[in-house]
Amino acid sequence: MQKKVRITVVGSGYVGLVAAACFAEIGHDVICVDNDQSKIDALKGGACLIHEEFLPELLDRHRNGRLQFSANLAEATAGSDAIFIAVGTPQSDTGDADLSYVEAVASEIARHLTHYTVIVEKSTVPVYTNEWIRRTLERNGVERGMFDVVSNPEFLREGTAVRDFLHPDRIVVGSDKQEAADVLSAIYAPLTDGTYFDGESAIPGPLNTNTPAPILHTSTKSAEIIKHASNAFLALKISFINAVSNLCEATDANVEQVASGMGLDSRIGGRFLRPGIGYGGSCFPKDVAAFRSVADALGVDFSLLREVESINIEQQKRFLRKIRSALWTLRGKKLGVLGLAFKGGTDDIRDSPAIALIQMLIEEGCTVCAFDPAGMERAHAVLPVSATMSYAADAYEAAMEADALLILTDWDEFCDLDLNRIKLNLRYPTVLDGRNLFDPKTVSGAGLTYVSVGRPTAHPIREHAVKQTA
Ligand code: UDX
(Lines give C-alpha, C1' and ligand atoms only; values in the text may rest on other atoms or scores of the structure.)
Protein backbone atom coordinates (compact mmCIF):
# COMPACT_ATOMS: atom_id res chain seq x y z
CA MET A 1 0.00 0.00 0.00
CA GLN A 2 1.17 3.52 -0.79
CA LYS A 3 2.37 5.62 2.09
CA LYS A 4 -0.12 8.38 2.84
CA VAL A 5 1.57 11.71 3.51
CA ARG A 6 -0.06 14.58 5.39
CA ILE A 7 0.40 17.62 3.20
CA THR A 8 -0.30 21.32 3.58
CA VAL A 9 -0.33 23.49 0.47
CA VAL A 10 -0.07 27.20 1.24
CA GLY A 11 -1.73 29.31 -1.45
CA SER A 12 -4.90 28.59 -3.40
CA GLY A 13 -3.90 30.22 -6.69
CA TYR A 14 -3.38 28.32 -9.95
CA VAL A 15 -0.42 26.32 -8.67
CA GLY A 16 -1.56 25.76 -5.08
CA LEU A 17 -5.12 24.75 -5.86
CA VAL A 18 -4.14 22.36 -8.64
CA ALA A 19 -1.35 20.83 -6.55
CA ALA A 20 -3.65 20.41 -3.53
CA ALA A 21 -6.40 18.75 -5.59
CA CYS A 22 -3.91 16.47 -7.35
CA PHE A 23 -2.12 15.42 -4.15
CA ALA A 24 -5.54 14.42 -2.78
CA GLU A 25 -6.29 12.63 -6.05
CA ILE A 26 -3.16 10.46 -5.71
CA GLY A 27 -4.11 9.46 -2.18
CA HIS A 28 -2.73 11.96 0.32
CA ASP A 29 -4.45 13.94 3.06
CA VAL A 30 -4.24 17.58 2.07
CA ILE A 31 -5.05 20.91 3.67
CA CYS A 32 -5.07 23.85 1.27
CA VAL A 33 -4.43 27.03 3.24
CA ASP A 34 -5.01 30.61 2.17
CA ASN A 35 -5.09 33.73 4.34
CA ASP A 36 -7.98 35.07 2.26
CA GLN A 37 -10.96 33.79 4.26
CA SER A 38 -13.42 34.63 1.47
CA LYS A 39 -11.52 32.34 -0.93
CA ILE A 40 -11.49 29.55 1.63
CA ASP A 41 -15.22 29.97 2.23
CA ALA A 42 -15.88 29.86 -1.52
CA LEU A 43 -13.75 26.72 -1.95
CA LYS A 44 -15.46 25.04 1.01
CA GLY A 45 -18.80 26.00 -0.48
CA GLY A 46 -18.11 24.23 -3.77
CA ALA A 47 -16.54 26.98 -5.93
CA CYS A 48 -13.58 26.25 -8.19
CA LEU A 49 -12.30 29.88 -8.62
CA ILE A 50 -10.25 29.20 -11.77
CA HIS A 51 -11.01 27.91 -15.24
CA GLU A 52 -9.05 24.66 -15.40
CA GLU A 53 -9.97 21.39 -17.09
CA PHE A 54 -10.71 18.53 -14.62
CA LEU A 55 -10.22 20.77 -11.57
CA PRO A 56 -13.94 21.03 -10.69
CA GLU A 57 -14.21 17.22 -10.89
CA LEU A 58 -11.22 16.71 -8.58
CA LEU A 59 -12.45 19.31 -6.08
CA ASP A 60 -15.91 17.70 -6.02
CA ARG A 61 -14.35 14.27 -5.60
CA HIS A 62 -12.11 15.15 -2.63
CA ARG A 63 -13.65 18.19 -0.92
CA ASN A 64 -14.63 17.25 2.64
CA GLY A 65 -12.69 14.01 2.20
CA ARG A 66 -8.96 13.93 1.63
CA LEU A 67 -8.95 17.64 0.74
CA GLN A 68 -9.71 20.29 3.34
CA PHE A 69 -9.59 24.07 3.09
CA SER A 70 -8.49 26.31 5.91
CA ALA A 71 -7.27 29.82 6.70
CA ASN A 72 -5.40 28.53 9.74
CA LEU A 73 -1.76 27.84 8.83
CA ALA A 74 -0.84 27.22 12.48
CA GLU A 75 -3.21 24.26 12.76
CA ALA A 76 -2.26 22.89 9.35
CA THR A 77 1.47 23.12 10.16
CA ALA A 78 1.03 21.16 13.37
CA GLY A 79 -0.52 18.23 11.48
CA SER A 80 1.69 18.02 8.38
CA ASP A 81 4.68 16.02 7.20
CA ALA A 82 5.30 18.31 4.24
CA ILE A 83 4.32 21.94 3.60
CA PHE A 84 4.33 23.17 0.01
CA ILE A 85 4.71 26.93 -0.36
CA ALA A 86 2.74 27.96 -3.45
CA VAL A 87 2.19 31.67 -2.86
CA GLY A 88 2.73 34.40 -5.45
CA THR A 89 6.18 35.68 -6.34
CA PRO A 90 5.24 38.79 -8.33
CA GLN A 91 7.71 40.78 -10.36
CA SER A 92 9.18 43.82 -8.62
CA ASP A 93 10.10 47.05 -10.45
CA THR A 94 13.66 45.81 -11.01
CA GLY A 95 12.51 42.51 -12.58
CA ASP A 96 13.41 40.51 -9.44
CA ALA A 97 10.88 38.14 -7.96
CA ASP A 98 9.27 39.72 -4.89
CA LEU A 99 9.68 37.03 -2.22
CA SER A 100 7.92 38.81 0.63
CA TYR A 101 4.95 36.39 0.60
CA VAL A 102 7.33 33.41 0.72
CA GLU A 103 9.18 34.97 3.64
CA ALA A 104 5.94 35.72 5.52
CA VAL A 105 4.79 32.11 5.12
CA ALA A 106 8.20 30.74 6.22
CA SER A 107 8.10 32.94 9.35
CA GLU A 108 4.62 31.78 10.21
CA ILE A 109 5.50 28.12 9.70
CA ALA A 110 8.51 28.66 12.00
CA ARG A 111 6.24 29.86 14.79
CA HIS A 112 4.10 26.71 14.70
CA LEU A 113 6.47 23.87 13.83
CA THR A 114 6.12 21.03 16.35
CA HIS A 115 7.89 18.09 14.63
CA TYR A 116 10.22 17.31 11.69
CA THR A 117 8.64 18.76 8.54
CA VAL A 118 9.76 19.11 4.95
CA ILE A 119 9.24 22.64 3.64
CA VAL A 120 8.84 22.56 -0.13
CA GLU A 121 9.30 25.48 -2.52
CA LYS A 122 6.60 25.10 -5.14
CA SER A 123 6.38 28.75 -6.18
CA THR A 124 8.83 29.80 -8.87
CA VAL A 125 11.73 31.26 -6.94
CA PRO A 126 15.30 32.33 -7.74
CA VAL A 127 18.30 30.22 -6.82
CA TYR A 128 19.30 30.55 -3.15
CA THR A 129 15.70 30.96 -1.96
CA ASN A 130 15.95 27.63 -0.13
CA GLU A 131 18.77 29.13 1.95
CA TRP A 132 16.74 32.22 2.75
CA ILE A 133 13.85 30.02 3.88
CA ARG A 134 16.23 27.98 6.05
CA ARG A 135 17.68 31.16 7.58
CA THR A 136 14.19 32.54 8.21
CA LEU A 137 13.21 29.43 10.14
CA GLU A 138 16.45 29.44 12.13
CA ARG A 139 16.11 33.15 12.85
CA ASN A 140 12.69 32.38 14.30
CA GLY A 141 14.27 29.89 16.70
CA VAL A 142 13.59 26.59 14.89
CA GLU A 143 16.31 23.99 15.38
CA ARG A 144 18.10 22.83 12.24
CA GLY A 145 17.10 19.19 12.75
CA MET A 146 13.40 20.04 12.79
CA PHE A 147 13.07 20.75 9.07
CA ASP A 148 14.57 20.55 5.62
CA VAL A 149 13.91 22.79 2.64
CA VAL A 150 13.33 21.12 -0.72
CA SER A 151 12.78 22.60 -4.17
CA ASN A 152 10.08 20.87 -6.20
CA PRO A 153 9.31 23.15 -9.14
CA GLU A 154 6.08 22.83 -11.07
CA PHE A 155 5.86 22.79 -14.85
CA LEU A 156 2.09 23.19 -15.12
CA ARG A 157 0.58 24.96 -18.09
CA GLU A 158 -2.63 26.82 -17.44
CA GLY A 159 -5.58 25.07 -19.03
CA THR A 160 -3.91 21.65 -18.87
CA ALA A 161 -2.50 21.95 -15.35
CA VAL A 162 -4.27 18.88 -13.91
CA ARG A 163 -3.10 16.61 -16.71
CA ASP A 164 0.38 18.12 -16.54
CA PHE A 165 0.49 17.41 -12.81
CA LEU A 166 -0.70 13.82 -13.07
CA HIS A 167 1.21 13.01 -16.27
CA PRO A 168 4.40 15.06 -16.01
CA ASP A 169 7.37 14.77 -18.37
CA ARG A 170 9.46 14.71 -15.21
CA ILE A 171 9.27 15.36 -11.49
CA VAL A 172 12.21 17.37 -10.18
CA VAL A 173 13.13 17.08 -6.51
CA GLY A 174 15.99 19.25 -5.33
CA SER A 175 17.16 18.29 -1.88
CA ASP A 176 20.43 18.26 0.00
CA LYS A 177 19.15 15.69 2.53
CA GLN A 178 18.14 12.10 1.77
CA GLU A 179 15.44 12.03 4.48
CA ALA A 180 13.66 14.96 2.86
CA ALA A 181 14.07 13.58 -0.66
CA ASP A 182 12.49 10.33 0.57
CA VAL A 183 9.36 12.19 1.74
CA LEU A 184 8.97 13.71 -1.73
CA SER A 185 9.56 10.31 -3.37
CA ALA A 186 6.77 8.87 -1.20
CA ILE A 187 4.43 11.72 -2.16
CA TYR A 188 4.96 11.18 -5.89
CA ALA A 189 5.18 7.36 -5.74
CA PRO A 190 1.69 6.79 -7.24
CA LEU A 191 2.84 8.70 -10.34
CA THR A 192 6.38 7.31 -10.54
CA ASP A 193 5.40 3.67 -10.01
CA GLY A 194 2.23 4.05 -12.07
CA THR A 195 -0.23 2.77 -9.43
CA TYR A 196 -2.35 5.92 -9.79
CA PHE A 197 -3.20 4.91 -13.35
CA ASP A 198 -4.67 1.57 -12.17
CA GLY A 199 -7.60 3.43 -10.58
CA GLU A 200 -10.72 3.42 -12.72
CA SER A 201 -11.40 7.10 -12.24
CA ALA A 202 -7.81 8.21 -12.95
CA ILE A 203 -7.62 11.31 -15.14
CA PRO A 204 -6.19 10.09 -18.46
CA GLY A 205 -2.99 11.48 -19.89
CA PRO A 206 -2.74 13.13 -23.30
CA LEU A 207 -3.56 10.54 -25.99
CA ASN A 208 -4.70 8.29 -23.10
CA THR A 209 -1.13 7.30 -22.33
CA ASN A 210 -0.45 6.39 -18.73
CA THR A 211 3.31 6.21 -18.53
CA PRO A 212 4.91 6.39 -15.08
CA ALA A 213 6.75 9.67 -14.59
CA PRO A 214 10.53 9.83 -14.21
CA ILE A 215 11.77 11.50 -11.03
CA LEU A 216 15.00 13.46 -11.10
CA HIS A 217 16.83 14.06 -7.83
CA THR A 218 19.15 17.06 -7.84
CA SER A 219 20.69 19.49 -5.40
CA THR A 220 18.31 22.16 -4.15
CA LYS A 221 20.02 24.94 -6.10
CA SER A 222 20.01 22.91 -9.33
CA ALA A 223 16.25 22.37 -8.99
CA GLU A 224 15.70 26.09 -8.46
CA ILE A 225 17.70 26.84 -11.60
CA ILE A 226 15.94 24.08 -13.61
CA LYS A 227 12.63 25.89 -13.22
CA HIS A 228 13.86 29.30 -14.37
CA ALA A 229 16.07 27.83 -17.08
CA SER A 230 13.20 25.73 -18.49
CA ASN A 231 10.78 28.63 -18.74
CA ALA A 232 13.44 30.99 -20.12
CA PHE A 233 14.39 28.39 -22.73
CA LEU A 234 10.78 27.93 -23.84
CA ALA A 235 10.37 31.71 -24.07
CA LEU A 236 13.58 31.81 -26.13
CA LYS A 237 12.17 29.20 -28.49
CA ILE A 238 9.07 31.35 -29.03
CA SER A 239 11.07 34.54 -29.59
CA PHE A 240 13.34 32.65 -31.96
CA ILE A 241 10.48 31.42 -34.12
CA ASN A 242 8.89 34.87 -34.02
CA ALA A 243 12.15 36.38 -35.36
CA VAL A 244 12.25 33.63 -38.01
CA SER A 245 8.63 34.43 -38.94
CA ASN A 246 9.63 38.05 -39.59
CA LEU A 247 12.37 36.80 -41.87
CA CYS A 248 9.81 34.62 -43.64
CA GLU A 249 7.57 37.64 -44.18
CA ALA A 250 10.47 39.53 -45.70
CA THR A 251 11.25 36.68 -48.10
CA ASP A 252 7.85 35.17 -48.92
CA ALA A 253 8.80 31.94 -47.16
CA ASN A 254 6.31 30.13 -44.93
CA VAL A 255 7.19 29.97 -41.23
CA GLU A 256 5.04 26.90 -40.71
CA GLN A 257 7.06 24.95 -43.22
CA VAL A 258 10.25 26.26 -41.65
CA ALA A 259 9.08 25.31 -38.13
CA SER A 260 8.09 21.82 -39.34
CA GLY A 261 11.47 21.33 -40.96
CA MET A 262 13.26 22.48 -37.81
CA GLY A 263 11.02 20.60 -35.41
CA LEU A 264 11.56 17.21 -37.04
CA ASP A 265 15.13 17.38 -35.81
CA SER A 266 14.78 15.55 -32.49
CA ARG A 267 17.45 17.80 -30.98
CA ILE A 268 15.16 20.80 -31.60
CA GLY A 269 11.66 19.32 -31.24
CA GLY A 270 8.52 20.70 -32.83
CA ARG A 271 6.77 22.12 -29.75
CA PHE A 272 6.83 25.79 -28.81
CA LEU A 273 7.69 26.82 -32.34
CA ARG A 274 4.34 28.49 -33.05
CA PRO A 275 4.83 32.11 -34.09
CA GLY A 276 2.30 34.71 -33.01
CA ILE A 277 2.00 38.01 -31.19
CA GLY A 278 4.49 37.10 -28.47
CA TYR A 279 4.29 35.06 -25.30
CA GLY A 280 2.36 36.26 -22.26
CA GLY A 281 0.85 34.91 -19.07
CA SER A 282 1.81 34.95 -15.45
CA CYS A 283 5.00 32.93 -15.96
CA PHE A 284 7.16 33.55 -19.01
CA PRO A 285 7.46 37.36 -18.87
CA LYS A 286 8.04 37.30 -15.11
CA ASP A 287 10.39 34.31 -15.12
CA VAL A 288 12.59 35.57 -17.97
CA ALA A 289 12.96 38.92 -16.16
CA ALA A 290 13.69 37.20 -12.83
CA PHE A 291 16.26 34.84 -14.39
CA ARG A 292 17.97 37.77 -16.10
CA SER A 293 18.01 39.63 -12.82
CA VAL A 294 19.55 36.62 -11.02
CA ALA A 295 22.29 36.46 -13.69
CA ASP A 296 22.91 40.22 -13.37
CA ALA A 297 23.17 39.97 -9.59
CA LEU A 298 25.70 37.14 -9.90
CA GLY A 299 27.74 39.02 -12.52
CA VAL A 300 26.93 36.50 -15.25
CA ASP A 301 26.42 37.85 -18.77
CA PHE A 302 23.04 36.50 -19.93
CA SER A 303 22.18 39.35 -22.31
CA LEU A 304 20.58 36.72 -24.56
CA LEU A 305 17.56 36.97 -22.25
CA ARG A 306 17.26 40.71 -22.94
CA GLU A 307 16.99 39.88 -26.63
CA VAL A 308 14.30 37.30 -25.88
CA GLU A 309 12.34 40.01 -24.08
CA SER A 310 12.81 42.69 -26.70
CA ILE A 311 11.83 40.39 -29.59
CA ASN A 312 8.70 39.55 -27.60
CA ILE A 313 7.71 43.19 -27.13
CA GLU A 314 8.56 44.02 -30.74
CA GLN A 315 6.31 41.18 -31.94
CA GLN A 316 3.24 42.92 -30.48
CA LYS A 317 4.20 46.25 -32.01
CA ARG A 318 4.78 44.56 -35.35
CA PHE A 319 1.23 43.19 -35.30
CA LEU A 320 -0.07 46.67 -34.53
CA ARG A 321 1.80 47.94 -37.58
CA LYS A 322 0.22 45.15 -39.65
CA ILE A 323 -3.24 46.29 -38.54
CA ARG A 324 -2.34 49.84 -39.47
CA SER A 325 -1.06 48.71 -42.86
CA ALA A 326 -4.24 46.80 -43.56
CA LEU A 327 -6.56 49.66 -42.51
CA TRP A 328 -4.39 52.63 -43.55
CA THR A 329 -5.36 54.81 -40.56
CA LEU A 330 -6.59 53.62 -37.18
CA ARG A 331 -8.41 56.62 -35.71
CA GLY A 332 -12.17 56.03 -35.75
CA LYS A 333 -11.90 52.41 -36.94
CA LYS A 334 -14.16 49.80 -35.39
CA LEU A 335 -12.39 46.50 -34.73
CA GLY A 336 -13.79 43.13 -33.75
CA VAL A 337 -11.42 41.18 -31.50
CA LEU A 338 -11.45 37.45 -30.87
CA GLY A 339 -9.50 36.56 -27.77
CA LEU A 340 -8.54 38.26 -24.53
CA ALA A 341 -6.85 35.47 -22.54
CA PHE A 342 -3.06 35.12 -22.88
CA LYS A 343 -3.62 31.79 -24.63
CA GLY A 344 -6.55 29.50 -25.44
CA GLY A 345 -8.06 27.23 -22.80
CA THR A 346 -7.77 29.64 -19.90
CA ASP A 347 -9.57 32.68 -18.47
CA ASP A 348 -6.25 34.22 -17.39
CA ILE A 349 -5.55 37.63 -18.87
CA ARG A 350 -2.38 38.40 -16.91
CA ASP A 351 0.28 39.83 -19.24
CA SER A 352 -1.93 38.90 -22.17
CA PRO A 353 -0.63 40.23 -25.52
CA ALA A 354 -4.29 40.53 -26.56
CA ILE A 355 -5.03 43.00 -23.76
CA ALA A 356 -1.85 44.97 -24.49
CA LEU A 357 -2.79 45.24 -28.17
CA ILE A 358 -6.35 46.32 -27.42
CA GLN A 359 -4.99 49.05 -25.12
CA MET A 360 -2.66 50.25 -27.90
CA LEU A 361 -5.51 50.22 -30.43
CA ILE A 362 -7.79 52.22 -28.16
CA GLU A 363 -4.98 54.72 -27.58
CA GLU A 364 -4.70 55.03 -31.36
CA GLY A 365 -8.38 56.02 -31.53
CA CYS A 366 -10.05 52.69 -32.43
CA THR A 367 -13.20 51.29 -30.90
CA VAL A 368 -13.06 47.62 -29.98
CA CYS A 369 -15.74 44.98 -29.54
CA ALA A 370 -14.19 41.81 -28.07
CA PHE A 371 -15.23 38.25 -27.45
CA ASP A 372 -13.43 35.53 -25.49
CA PRO A 373 -14.96 32.21 -24.45
CA ALA A 374 -13.63 32.48 -20.87
CA GLY A 375 -11.64 35.68 -20.33
CA MET A 376 -14.33 38.37 -20.54
CA GLU A 377 -15.21 38.57 -16.86
CA ARG A 378 -11.60 39.16 -15.84
CA ALA A 379 -11.02 41.52 -18.79
CA HIS A 380 -13.77 43.86 -17.57
CA ALA A 381 -11.51 44.87 -14.66
CA VAL A 382 -8.72 46.16 -16.93
CA LEU A 383 -10.80 47.12 -19.96
CA PRO A 384 -14.10 48.41 -18.57
CA VAL A 385 -17.00 49.00 -20.91
CA SER A 386 -16.75 52.51 -22.34
CA ALA A 387 -17.43 54.46 -25.50
CA THR A 388 -14.43 52.72 -27.08
CA MET A 389 -14.62 49.26 -25.47
CA SER A 390 -17.47 46.75 -25.56
CA TYR A 391 -17.96 43.00 -25.28
CA ALA A 392 -19.85 40.65 -27.57
CA ALA A 393 -21.86 37.52 -26.80
CA ASP A 394 -20.08 35.56 -29.52
CA ALA A 395 -17.54 35.86 -32.31
CA TYR A 396 -20.15 36.83 -34.93
CA GLU A 397 -21.39 39.71 -32.81
CA ALA A 398 -17.78 40.90 -32.33
CA ALA A 399 -17.39 41.01 -36.11
CA MET A 400 -20.63 42.97 -36.66
CA GLU A 401 -20.02 46.12 -38.74
CA ALA A 402 -16.30 46.02 -37.95
CA ASP A 403 -13.62 47.36 -40.27
CA ALA A 404 -11.58 44.22 -39.55
CA LEU A 405 -11.60 41.18 -37.31
CA LEU A 406 -8.50 40.47 -35.22
CA ILE A 407 -7.69 37.02 -33.80
CA LEU A 408 -5.50 37.47 -30.74
CA THR A 409 -5.90 34.23 -28.74
CA ASP A 410 -5.56 30.65 -29.97
CA TRP A 411 -8.88 29.22 -28.83
CA ASP A 412 -9.62 25.92 -30.62
CA GLU A 413 -13.25 26.92 -31.09
CA PHE A 414 -12.29 29.91 -33.24
CA CYS A 415 -11.02 27.40 -35.83
CA ASP A 416 -14.62 26.19 -36.32
CA LEU A 417 -16.06 29.62 -37.13
CA ASP A 418 -18.31 29.94 -40.15
CA LEU A 419 -16.17 32.27 -42.26
CA ASN A 420 -19.05 33.11 -44.59
CA ARG A 421 -21.06 34.39 -41.64
CA ILE A 422 -18.05 36.37 -40.41
CA LYS A 423 -17.70 37.92 -43.85
CA LEU A 424 -21.36 38.89 -43.99
CA ASN A 425 -21.11 40.60 -40.60
CA LEU A 426 -17.92 42.57 -41.29
CA ARG A 427 -18.12 46.00 -42.87
CA TYR A 428 -14.84 45.26 -44.70
CA PRO A 429 -13.88 41.62 -45.22
CA THR A 430 -10.49 41.64 -43.49
CA VAL A 431 -9.18 39.19 -40.90
CA LEU A 432 -5.83 39.76 -39.16
CA ASP A 433 -4.87 36.57 -37.40
CA GLY A 434 -2.09 36.88 -34.81
CA ARG A 435 -2.22 33.16 -34.05
CA ASN A 436 -2.26 31.52 -37.50
CA LEU A 437 -5.45 29.58 -36.75
CA PHE A 438 -6.55 29.24 -40.37
CA ASP A 439 -5.21 27.96 -43.64
CA PRO A 440 -4.77 31.16 -45.70
CA LYS A 441 -6.35 29.47 -48.74
CA THR A 442 -9.54 28.64 -46.78
CA VAL A 443 -9.95 32.22 -45.60
CA SER A 444 -9.22 33.85 -48.92
CA GLY A 445 -11.50 31.21 -50.51
CA ALA A 446 -14.31 32.59 -48.34
CA GLY A 447 -13.66 36.02 -49.86
CA LEU A 448 -11.79 37.52 -46.93
CA THR A 449 -8.46 39.30 -46.98
CA TYR A 450 -6.32 37.35 -44.55
CA VAL A 451 -3.17 38.60 -42.88
CA SER A 452 -1.38 36.17 -40.57
CA VAL A 453 2.11 35.71 -39.13
CA GLY A 454 5.09 34.62 -41.23
CA ARG A 455 3.04 33.21 -44.11
CA PRO A 456 2.56 34.52 -47.61
CA THR A 457 -0.88 35.56 -48.67
CA ALA A 458 -2.20 35.98 -52.16
CA HIS A 459 -3.94 39.25 -51.43
CA PRO A 460 -2.13 42.41 -52.58
CA ILE A 461 -2.65 43.99 -49.16
CA ARG A 462 0.20 41.86 -47.86
CA GLU A 463 2.74 43.53 -50.11
CA HIS A 464 1.77 46.83 -48.56
CA ALA A 465 1.94 45.39 -45.03
CA VAL A 466 5.40 43.93 -45.50
CA LYS A 467 6.81 47.13 -46.97
CA GLN A 468 5.61 49.15 -44.00
CA THR A 469 6.71 46.66 -41.36
CA ALA A 470 10.10 45.75 -42.81
C1 UDX B 1 4.23 28.11 -18.79
C2 UDX B 1 5.09 26.83 -18.89
O3 UDX B 1 4.78 26.13 -20.11
C4 UDX B 1 4.87 25.94 -17.68
O5 UDX B 1 5.74 24.82 -17.74
C6 UDX B 1 5.19 26.79 -16.44
O7 UDX B 1 5.14 26.08 -15.28
C8 UDX B 1 4.27 27.99 -16.38
O9 UDX B 1 4.50 28.77 -17.56
P10 UDX B 1 1.70 28.77 -19.25
O11 UDX B 1 2.11 30.16 -18.85
O12 UDX B 1 0.44 28.21 -18.70
O13 UDX B 1 2.86 27.73 -18.88
O14 UDX B 1 1.53 28.77 -20.84
P15 UDX B 1 2.23 28.14 -22.09
O16 UDX B 1 1.33 27.16 -22.70
O17 UDX B 1 3.61 27.70 -21.80
O18 UDX B 1 2.26 29.43 -23.05
C19 UDX B 1 2.92 30.64 -22.64
C20 UDX B 1 2.78 31.71 -23.68
O21 UDX B 1 3.53 31.39 -24.84
C22 UDX B 1 1.35 31.94 -24.18
O23 UDX B 1 1.13 33.33 -24.33
C24 UDX B 1 1.31 31.22 -25.52
O25 UDX B 1 0.36 31.75 -26.40
C26 UDX B 1 2.73 31.48 -26.00
N27 UDX B 1 3.22 30.47 -26.96
C28 UDX B 1 3.37 29.18 -26.59
C29 UDX B 1 3.54 30.86 -28.26
O30 UDX B 1 3.42 32.04 -28.62
N31 UDX B 1 4.04 29.93 -29.12
C32 UDX B 1 4.21 28.63 -28.77
O33 UDX B 1 4.68 27.84 -29.61
C34 UDX B 1 3.87 28.24 -27.47
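What you are looking at is a predicted structure, and each value in this text was computed from that prediction instead of being measured.

### Quick notes on the site of the ligand
No. 1: Taken together, 19 residues are adjacent to the ligand, and E158, R274, Y279, G281 and C283 come closest.
No. 2: The dominant element in the shell around the ligand, judged by the number of residues it contributes, is helix α9 (residues 220-251), at three residues.
No. 3: Tallied by class, the residues present in the shell around the ligand amount to ten nonpolar, four polar and five charged.
No. 4: Counting only domains with at least three residues in the shell around the ligand, you end up with domain 1 (6-217) and domain 2 (227-308).

### A word on the sheet that holds strand β11 (residues 389-391)
In a beta sheet, neighbouring strands pair by backbone hydrogen bonds and run either parallel or antiparallel.
No. 1: Strand order in the open sheet made by the six strands is β11-β10-β9-β12-β13-β14, with parallel pairing throughout. Because the sheet does not close on itself, it has two edges, and the strands there are β11 and β14 (449-451). Within this sheet the neighbouring strands show an average axis-to-axis angle of 20 degrees, counted without direction.
No. 2: Bridging between strand β9 (residues 334-338) and strand β10 (residues 367-371) involves five bridges; their strand directions are parallel. Paired with V337 across the bridge in β10 is A370.
No. 3: Contacts from helix α12 (residues 304-327) reach β12 (404-407), β13 (430-433) and β14, with the element oriented near 170 degrees to β13.

### Here we look at the environment of N254
No. 1: One can find N254 in the loop between α9 and α10 (255-263).
No. 2: You can call N254 partly exposed: it has 16 C-beta atoms within 10 Å.
No. 3: A C-alpha to C-alpha distance of 36 Å links N254 and T124, two positions 130 residues apart in sequence.

### Brief notes about the packing of helix α11 (residues 284-297) against α12
No. 1: Running from amino to carboxyl end, α11 crosses α12 at an angle of 155 degrees, the nearest separation of the two axes being 9 Å. With respect to each other, α11 and α12 are oriented roughly antiparallel. Between α11 and α12 lies a crossing of left-handed hand. On α12, the residues touching V288, F291 and R292 of α11 are L305, R306, V308 and E309.

### Side note on the UniProt feature "active site" (unreviewed entry) in the chain
No. 1: UniProt annotation of "active site" (unreviewed entry) refers to C283 when read in the numbering used here.
No. 2: Tracing the backbone shows C283 in the loop between α10 and α11.
No. 3: Owing to 24 C-beta atoms within 10 Å, C283 belongs among the buried residues under this scheme.
No. 4: Setting aside its immediate chain neighbours within four residues, C283 contacts T124 and N231.

### Observations concerning the UniProt feature "domain: UDP-glucose/GDP-mannose dehydrogenase C-terminal" (unreviewed entry) in the chain
No. 1: UniProt records the feature "domain: UDP-glucose/GDP-mannose dehydrogenase C-terminal" (unreviewed entry) for residues 336-440 in the present numbering.
No. 2: For residues 336-440, the end-to-end C-alpha separation is 19 Å, with 30% helix and 18% strand making up the annotated structure.

### Some points on the domain arrangement of the chain
No. 1: For the chain, the assigned domains read domain 1 (6-217), domain 2 (227-308) and domain 3 (314-469).
No. 2: The distance between the C-alpha centroids of domain 1 and domain 3 comes to 38 Å.
No. 3: Tallied by class, residues from the side of domain 1 that touches domain 3 come to no nonpolar, three polar and one charged.

### Regarding unusual backbone geometry
No. 1: In this structure, L49 is a non-glycine residue whose phi angle is positive, near 75 degrees.
No. 2: Positive phi, close to 70 degrees, is recorded for N64, a residue that is not glycine.

### Structural notes on the pairing of β10
No. 1: Most of β10 is tucked away, with four of its five residues classed as buried.
No. 2: Crossover connection from β9 via helix α13 (residues 353-363) to parallel β10: handedness right-handed.
No. 3: Here β10 pairs with β11 via three bridges, running parallel. Residue pairing in the sheet places C369 in a bridge with S390 of β11.
No. 4: Handedness of the crossover is the feature at issue here: the chain leaves β10, passes through helix α14 (residues 376-382), returns alongside β11, and the resulting connection is right-handed.

Parameters and conventions
Residues numbered from 1 in each chain as written. Predicted model: local features only at pLDDT ≥ 70, side-chain atom pairs only at ≥ 80, totals over all residues. Near = placed C-beta within 6 Å. Helix = DSSP H or I, 4+ residues; strand = E, 2+ residues; numbered from the N terminus. Nonpolar A, V, L, I, M, F, W, Y, C, P; charged D, E, K, R; others polar. Domains from an automatic or database assignment. Pairing = 2+ DSSP bridges. Axes fitted to C-alpha atoms, helices over the stretch in contact; angles between N-to-C directions. Contact = placed C-beta atoms within 7 Å. Buried ≥ 20, exposed ≤ 12 C-beta atoms within 10 Å, placed from the backbone. Parallel < 35°, antiparallel > 145°, perpendicular 65-115°, else oblique. Left-handed = near helix turned anticlockwise from the far one by under 90°. UniProt positions renumbered as here; feature names shortened; annotations may be inferred. Right-handed = clockwise from strand over helix to strand, strands pointing away.

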